[in-house]
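# Descriptive structure summary
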Amino acid sequence: MKIMKFGGTSVGSAVNILKVKRIVESVDEPVIVVVSALGGITDQLIDTAKLASKGDYTYEKEFNDIVKRHIEVVEGVIPEPDRKQYILRGIIEQLNELENILRGVSLIQDLSQKTFDIIVSYGERLSSSIVSNVIKDAKLFDSRKFIKTEKQFQKHIVDFKETNRLVKEYLSSLPQYSVVPGFISSNRDTGEITNLGRGGSDYTAAILASALDASLLEIWTDVDGFMTADPKVISNAYVIERLSYIEAMELSNFGAKVIYPPTIFPAYHKNIPIRIKNTFNPEGLGTLITREKSNGGKSIKGISSIDDTCLITMQGLGMVGVIGVNYRIFKALANNGISVFMVSQASSENTTSFAVRNEDADLSVKVLRDEFAMEILQGEINDVMPEKGLATVAIVGENMKRTPGIAGRLFGTLGRSGISVIACAQGASETNISFVIKKQFLRKALNSIHDSFFLSEYQVLNIFLIGIGTVGKSLLEQIKLQQPKLMAQNSLKINVVGIANSKRFLFSRKGIDLDNYRELLESKGQPSSPEVLYREIEEMNIFNSVFVDCTASQAIAGLYHNLLSHNISVVTANKITASSDYASYAALKTISRKLGVKYLFETNVGAGLPIINTMNALINSGDKILKIQAVLSGTLNYIFNTVSEKIPLSQAIRMSKDAGYSEPDPRMDLNGTDVVRKLVILSREAGYQVEQSDVKINLFIPEDYFLGSQEDFWQKIATLDAKFENQRKILESEGRRYRFVAQMEEGACSVGLQEVDRNHPFYELEGSNNIILITTERYNEYPMIIKGYGAGASVTAAGVFADIISIANIR
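Rules behind the numbers
- Residues numbered from 1 in each chain as written.
- Predicted model: local features only at pLDDT ≥ 70, side-chain atom pairs only at ≥ 80, totals over all residues.
- Heavy atoms only, no water.
- Helix = DSSP H or I, 4+ residues; strand = E, 2+ residues; numbered from the N terminus.
- Rg over C-alpha atoms; globule rule 2.2 N^0.38 Å.
- Buried < 20%, exposed > 50% of the residue type's maximum accessible area, 1.4 Å probe, protein only.
- Contact = heavy atoms within 4.5 Å.
- Lys, Arg positive; Asp, Glu negative; His and termini not counted.
- Charge placed at Lys NZ, Arg CZ, Asp CG, Glu CD.
- Disulfide = S-S within 2.5 Å.
- Axes fitted to C-alpha atoms, helices over the stretch in contact; angles between N-to-C directions.
- Left-handed = near helix turned anticlockwise from the far one by under 90°.
- Core = buried A, V, L, I, M, F, W, Y, C linked by side-chain atoms within 4.5 Å.
- Pairing = 2+ DSSP bridges.

So, about the overall build of the chain. Helix and strand counts for the chain stand at 28 helices and 31 strands. A globule of 811 residues ought to have a C-alpha radius of gyration of about 28 Å, yet the chain, at 36 Å, is considerably larger. On the principal axes, the C-alpha backbone points of the chain span a range of 115 × 70 × 55 Å. Within the chain, the fraction of its 811 residues that count as buried is 53%. Look at the contacts in the chain between residues 6 or more apart in sequence, and 72% of them connect residues 24 or more apart. A distance of 3 Å separates the average location of the 89 positive side-chain charges in the chain from that of its 93 negative side-chain charges.

Written out as structure tokens, the structure reads:
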């Protein structure tokens with residue numbers, strides 16, 4: 001025999017009830033069908049009763065809506081006119097009873113618990129009457145006759161001994177299909193109508209399954225089963241195929257609304273499997289819950305959360321070593337019907353914190369202040385402190401037992417996401433680690449944990465890209481082309497959630513379509529400014545976020561400190577911050593190390609060449625960098641390689657700009673500023689405290705050429721063509737060439753034009769390439785050489801992309 005329970009959504013409309021009919025009638029073995037009220041009806045009954053108790057005659061409209069809904073459902077599921085009228089008479093008779101009760105409540109403006117329980121019972125009584133007439137040859141049984149309760153702490157508790165006896169008595173002889181209303185019950189002693197609480201229809205089904213030794217308990221709902229996390233928060237959450245009873249109980253207790261938590265115990269007691277199924281996807285496997293735990297696989301099965309948390313703290317030196325304090329705390333709460341779902345206590349015993357629902361918070365505080373009034377008055381215990389606006393998260397899995405590093409990974413993940421844990425708890429069973437955080441960080445925490453424990457199909461990096469000029473545009477193209485390979489081979493998804501230029505920004509938590517991002521930015525983008533960008537990023541509060549700066553903006557660079565402080569990694573092609581005053585550079589590096597977030601700027605020097613990473617690897621392995629010699633300006637190298645008898649200096653400079661090698665204002669390259677910045681960055685990464693003002697500059701263009709506007713510069717520069725060409729010819733005849741060389745030797749820095757002969761490594765440097773010679777204690781006689789493309793949008797974008805990938809720690 002099988003017990004099948006169908007929830008409110010499953011019986012919420014005529015169409016859905018016909019789905020239930022097809023599912024039930026496809027089963028060959030005897031079936032008991034337990035049904036909830038039509039979706040939303042229980043809430044509507046509660047609201048109607050409350051309105052009536054206030055003498056508010058708008059309750060009549062609410063009641064008429066309830067009547068209309070049930071009549072429409074009957075008319076939609078019963079095609080035969082005569083039978084339809086017969087069933088409607090029974091439904092209307094029950095609705096008339098309900099109307100009379102509500103009228104009485106309205107007249108006396110009083111709603112006792114007894115009357116309230118009667119009113120809410122009509123939801124299941126009506127739905128079961130309808131469903132029993134839809135399923136072929138089904139027989140309706142009244143659960144009030146055999147589900148018996150007793151009152152404890154103002155709540156109705158099932159009397160299992162009496163209930164099991166009566167279930168076996170009333171359901172000893174069953175037809176193929178039986179229907180039982182869920183949720184409702186009756187008092188063992190008085191016979192008055194009671195109920196099993198919200199979600200009680202699941203419990204009804206489990207009670208019947210246990211009493212009748214059913215082969216299987218199926219809970220039919222509107223989801224495919226237990227999910228690894230809330231799919232409304234985590235889009236790539238997926239169905240958990242198998243859970244143990246303990247895992248299911250833990251997930252349910254901490255907010256997974258798939259099954260009513262008390263449902264599990266009766267099935268566990270008799271070792272009856274529970275299958276969660278979706279009424280709207282009956283072919284899906286669902287989730288199977290059994291006594292056996294799955295061996296191997298992922299260490300945690302799922303993440304659950306309660307976003308309605310108040311943490312109450314009892315603290316005081318008067319609690320230390322005193323026996324019975326916790327007994328008094330929890331006894332006082334229990335006597336007032338307050339449920340505690342998490343407890344955290346310091347080993348010193350001077351602090352006990354516990355979590356309750358917000359609705360119980362004020363009563364909890366009052367109860368404890370009364371209980372410990374004397375201790376509070378004498379200063380032995382501080383005042384009872386409630387903290388609202390919190391959420392509780394639990395990671396669950398029996399495979400966590402005796403698996404080292406789970407808690408470390410959990411709290412490390414939260415720390416890197418900038419999420420502070422207020423309280424935490426883990427039992428010796430090691431199947432659940434629970435912690436309390438601020439509610440505003442719940443979404444971020446769930447996504448971070450889901451990603452960290454590989455419950456997601458892909459690790460996700462959420463990218464905010466600022467600047468979509470040549471480099472930014474190329475980066476987006478590379479991400480789009482490489483995305484399928486990264487997802488297939490590395491299980492990494494690059495999700496571009498923000499794109500901005502100097503005028504507009506577009507943010508989308510789900511990700512932006514890279515095929516038409518420019519059109520979207522233009523049509524849906526909002527006015528942009530650095531302050532607005534930072535505010536929007538902070539408010540989005542998204543996990544695994546990376547701020548990518550492909551601008552040359554001082555204002556955008558000014559955001560790095562706050563971004564890093566909020567655990568947002570920064571990848572930048574913008575040289576301004578890393579080459580600014582040393583204190584600012586050092587502060588960003590310190591924040592990055594302290595918070596475990598990334599501040600990466602490989603492309604500040606050498607575009608996509610692995611210069612900074614190589615230097616860091618040398619230093620981290622114990623080497624010391626003594627000297628750096630480099631051609632760091634792809635622009636200047638391009639110019640010197642392009643100048644010829646036919647191409648004068650001024651034309652070569654313009655060609656470098658047209659080719660995209662130079663800065664938008666090529667004077668930034670020609671006056672040595674760009675090379676100075678790069679040399680300062682390298683010197684700092686080599687371990688030397690260097691400022692831009694420390695660098696000696698030997699220019700090949702007089703300083704007065706850099707004054708005025710860019711247009712003035714273009715008019716003046718041609719006057720140097722003849723002189724420069726004469727010098728070039730002399731060098732060429734001597735077998736030498738010009739190179740603009742940056743040099744650092746034990747902290748002393750200089751940049752300037754140098755002549756190199758054919759034997760020098762810099763002589764054959766082609767096009768816009770860069771070259772760097774690194775002399776270290778290990779690489780002393782033969783310096784390390786790094787050489788390659790040092791300018792250009794595509795290679796710079798590739799370097800930025802490599803920095804982004806490195807944050808995901810994939811190889």
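On we go from here.
This part takes up the state of the cysteines. Under the counting rule described, the total for this entry stands at zero disulfides. Summary of cysteine pairing: Cys310 is not part of a disulfide, and the nearest cysteine sulfur, belonging to Cys424, is at 18 Å. Owing to a relative accessible area of 35%, Cys424 belongs among the partly exposed residues under this scheme.

Where helix α2 (residues 41–53) meets helix α4 (residues 81–108), the axes come as close as 7 Å, and the angle between the chain directions of the two elements is 35°. Viewed along their axes, α2 and α4 form a crossing whose handedness is right-handed. Seen from α2, the contacting residues are Leu45, Thr48, Ala49, Ala52 and Ser53; seen from α4, they are Leu98, Leu102, Val105 and Ser106.

Looking at the secondary structure, you find Ala557 in helix α18 (residues 554–557). Taking C-alpha positions, Ala557 is 6.8 Å from Ile576, a pair spaced 19 residues apart along the chain. Leaving out residues up to four positions away in the same chain, Ala557 has contacts with Asp549, Asn574, Ile576 and Thr577.

If you look at the biggest cluster of nonpolar residues, it comprises 80 residues, and the most contacted ones within it are Phe547, Ile628, Leu670, Leu682 and Phe700. In contact with Leu682, not counting residues within four places along its chain, are Val605, Ile611, Ile612, Met615, Ile628, Leu632 and Ile772. Core analysis: the second largest hydrophobic core is formed by 50 residues, Ile207, Leu208, Ile259 and Ile264 among them.

Of all nine residues in helix α22 (residues 634–642), eight are buried; the element is thus mostly enclosed. Looking at α22, one finds that the buried residues are Gly634, Thr635, Leu636, Asn637, Tyr638, Ile639, Phe640 and Thr642.

Moving on: the sheet that holds strand β17 (residues 423–426). Here six strands make up an open sheet; going across it, the order is β14-β15-β13-β16-β18-β17 and the pairing antiparallel. At either end of the open sheet lies a strand with only one pairing partner, and these are β14 (342–345) and β17. With strand direction ignored, the average angle separating the axes of adjacent strands in the sheet is 30°. Sheet topology note: the β14/strand β15 (residues 351–356) ladder contains four bridges and is antiparallel. Along β15, the bridge assignment pairs Gln345 with Thr352. The sheet strands contacting helix α10 (residues 325–335) are β13 (302–315), β14 and β15, and the helix crosses β15 at an angle near 20°.

Moving on, we come to the sheet that holds strand β21 (residues 504–507). Strand pairing in a sheet takes place through backbone hydrogen bonds and is either antiparallel or parallel in direction. Strand order in the open sheet formed by seven strands is β22-β21-β20-β19-β23-β24-β25, with mixed pairing between adjacent strands. In this open sheet, the two strands that pair with only one neighbour each are β22 (526–527) and β25 (599–600). Note that β21 and β22 share two bridges and pair antiparallel. Following the sheet pairing, Arg504 is matched in β22 by Pro527. Along the sheet, helix α15 (residues 470–490) contacts β19 (459–466), β20 (492–500) and β23 (545–549); its crossing angle with β20, the most-contacted strand, is approximately 155°. Contacting β19, β20, β23, β24 (569–572) and β25, helix α28 (residues 793–807) runs over the sheet at an angle of about 160° to β24.

The values are spatial; any link to function lies outside them.
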